[in-house]
Amino acid sequence: MAAICFLSPVKPITFSSSVHSKRSPLFRCNFSLPTITTTEPEPVYTSVRSFAPATVANLGPGFDFLGCAVDGLGDFVSVRIDPSVHPGEISISDITGNHACKKLSKDPLRNCAGISAIATMKMLNIRSVGLSLTLEKGLPLGSGLGSSAASAAAAAVAVNEIFGGKLEVKDLILAGLESEAKVSGYHADNIAPAIMGGFVLINSYDPLELMSLKFPGEKELFFVLVTPEFEAPTKKMRAALPEEIGMPHHVWNCSQAGALVASVLQGDLMGLGKALSNDKIVEPKRAPLIPGMEEVKKAAIRAGAFGCTISGAGPTAVAVIDNEERGKEIGERMVEAFLKEGNLKAVSLVKRLDRVGARLIGSVPAR
């Protein structure tokens, strides 16, 4: 399977979410995940290379249950059959990319890609060969763009493909969730779109149910992503959230999330932008923690963006528009606002919606 295909926009995937793992000093596939293949598959390739895109989670009122994939920005993983690695185990031989990659561990049990790869091997029942993995980070850490999910998604796809693509989309998401649960919490609004592409709705966590929301193919959607030089740890940003919410805000956010989903399915960009800009529960608590964010949002709207919000836990601000050149202009105004109002330097990128998700991009066939 060279790419992960879209699922039906109306039919959810359902499977158990009771994923737990056991610590081990070795790299063996000992997670309590289901074994999907009873017979160990033979390697189809000696090596593969995969890509998984960045993601924007929450999308304003969709906290922990809505996310989408962003094209042209993400992580790469290469996996090869390695006789020097003990059968049934995996090693991380190298981590390259941006300077932040120096912070990442090469211990497979402490690395997003490693954890996901081990979980995938477990489901495939791999016992007779060892694998070596290389991670190339294209995403900065802690940016709010699904960095950990991209690594996990790319690793799951790479391991699956080297053995002939035996696992289904839901299995790859389970492998990625094994990683996310250890790194940033058990939520699928990054890992699901990273694997599936497009927009994804998580309509249940127990059991886990996912629904692909198909954005009309004839429509153009651009994300203006502006990332300041500022750390917004997920733990800190989650700690800022209210423990209780009033009924008026609950009703408001539910209506906006419904409007957002309807706008995605109809290709209504103005409706989408309006809905993602109108979160009254999460964004009001997080925006003040990111210097200049509130003014950045206002600058984006004044410059013509259909809407703007915080991507994931931040600090990246994301605006939506239907034209790339206008997106660049909006990005410039947002960068200026970060500098003027928050005293933060920032970089701006304009990217399309990724409609494919994690995919194989290179391979060497087994002899």
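Higher on the page you've got the structure.
Rules used throughout
Residues numbered from 1 in each chain as written. Predicted model: local features only at pLDDT ≥ 70, side-chain atom pairs only at ≥ 80, totals over all residues. Heavy atoms only, no water. 1 Å grid on protein atoms, 1.4 Å probe; cavity = no way out; pocket = protein on both sides within 12 Å on 5 of 7 lines; lining within 4 Å. Points joined across faces, edges and corners; volume = space filled by probe spheres on them. Helix = DSSP H or I, 4+ residues; strand = E, 2+ residues; numbered from the N terminus. Nonpolar A, V, L, I, M, F, W, Y, C, P; charged D, E, K, R; others polar. Pairing = 2+ DSSP bridges. Axes fitted to C-alpha atoms, helices over the stretch in contact; angles between N-to-C directions. Contact = heavy atoms within 4.5 Å. Phe/Tyr/Trp six-rings, centres within 6.5 Å; stacked < 30°, edge-to-face > 60°. Buried < 20%, exposed > 50% of the residue type's maximum accessible area, 1.4 Å probe, protein only. Expected span 1.5 Å × (residues − 1). Salt bridge = Lys/Arg side-chain N within 4 Å of Asp/Glu carboxyl O. Core = buried A, V, L, I, M, F, W, Y, C linked by side-chain atoms within 4.5 Å. Domains from an automatic or database assignment.

(A) Representation of empty space enclosed by the protein in the model. Tallied over the full model, the rule gives one cavity of 30 Å³ or more. When its volume is computed, the largest cavity comes out at roughly 60 Å³. Considering the residues around the largest cavity, the lining is formed by Asn-58, Gly-60, Asp-279, Val-282, Glu-283, Arg-286, Thr-309, Ile-310 and Gly-312. Elements that contribute at least two residues to the lining of the largest cavity include exactly α8 (283-286) and β9 (307-310). Partitioning the lining of the largest cavity into residue classes produces two nonpolar, four polar and three charged.

(B) Layout of the sheet that holds strand β8 (residues 222-228). Spatially, β9-β10-β8-β11 is the arrangement adopted by the four strands of the open sheet, whose pairing is antiparallel. Strands at the two margins of the open sheet, each flanked by one partner only, are β9 and β11 (346-352). Across the sheet, the mean angle from the axis of one strand to that of its neighbour is 20°, orientation sign disregarded. Across the sheet, helix α9 (residues 293-302) touches β9 and β10 (317-321), and the angle it forms with β9 is around 160°.

(C) Region of the structure containing the packing of aromatic side chains. Considering all chains together, one arrives at two aromatic pairs under this definition. Arranged with centres 5.0 Å apart and planes meeting at 50°, the rings of Phe-51 and Phe-76 form a pair that is tilted. With a gap of 25 residues between them, Phe-51 in strand β2 (residues 45-57) and Phe-76 in strand β3 (residues 66-81) connect regions that are remote in the sequence. According to the relative accessible area criterion, Phe-51 is buried, its value standing at 7%. With centroids separated by 6.1 Å and ring planes inclined at 40°, the aromatic side chains of Phe-199 and Phe-215 adopt a geometry described as tilted. Of this pair, Phe-199 sits in strand β6 (residues 199-205) while Phe-215 sits in the loop between β7 (208-213) and β8, and the two are 16 residues apart along the sequence.

(D) Spotlight on helix α3 (residues 169-183). For α3, built from 15 residues, the straight-helix expectation of 21 Å at 1.5 Å per residue is met to within 8% by its first-to-last C-alpha distance of 21 Å. Counting buried residues in α3 gives eleven out of 15 residues, a clear majority hidden from the surface. Those residues of α3 lying buried are Val-169, Asp-171, Leu-172, Ile-173, Leu-174, Ala-175, Gly-176, Leu-177, Glu-178, Ser-179 and Glu-180. Immediately downstream of α3, the backbone of Gly-185 shows phi near 110°, a positive value.

(E) Representation of the pattern of salt bridges in the model. On inspection of all chains with the given rule, the structure shows 15 salt bridges. For the salt bridge of Asp-64 with Arg-238, the shortest nitrogen-to-oxygen distance reads 2.8 Å. Here the residue Asp-64 occupies a position in the loop between β2 and β3, and Arg-238 occupies one in helix α5 (residues 234-239), the gap between them amounting to 174 residues. Residue class for Asp-64 comes out buried when judged on its relative accessible area of 16%.

(F) Structural detail: unusual backbone geometry. Here the bond from Asp-206 into Pro-207 is cis, since omega is 0°, no more than 30 degrees from zero. With respect to the helices and strands, the residue Pro-207 is situated in the loop between β6 and β7. Put simply, Gly-314 and Pro-315 share a cis peptide bond, and its omega is 10°. Structurally, Pro-315 is set in the loop between β9 and β10. With a phi close to 70°, Asp-64 is a non-glycine residue in the positive phi region. Of note in this structure, Asn-343 is not a glycine but carries a positive phi near 55°. Structurally, the position occupied by Asn-343 is in the loop between α10 (324-342) and β11.

(G) Representation of the nonpolar core in the model. Grouped together as the largest cluster of nonpolar side chains are 104 residues, with contacts concentrated most on Leu-133, Phe-199, Phe-223 and Met-334. The element that contributes the greatest number of residues to this core is helix α2 (residues 147-162), accounting for eleven residues. Split by domain, this core shows at least three residues from each of two domains, domain 1 (45-213 + 355-365) and domain 2 (222-352). Not counting the four nearest positions on each side in its chain, Leu-133 is found in contact with Val-77, Ser-78, Val-79, Ile-90, Ser-91, Ile-92, Ser-93, Asp-94, Ala-113, Ala-117 and Ala-155.

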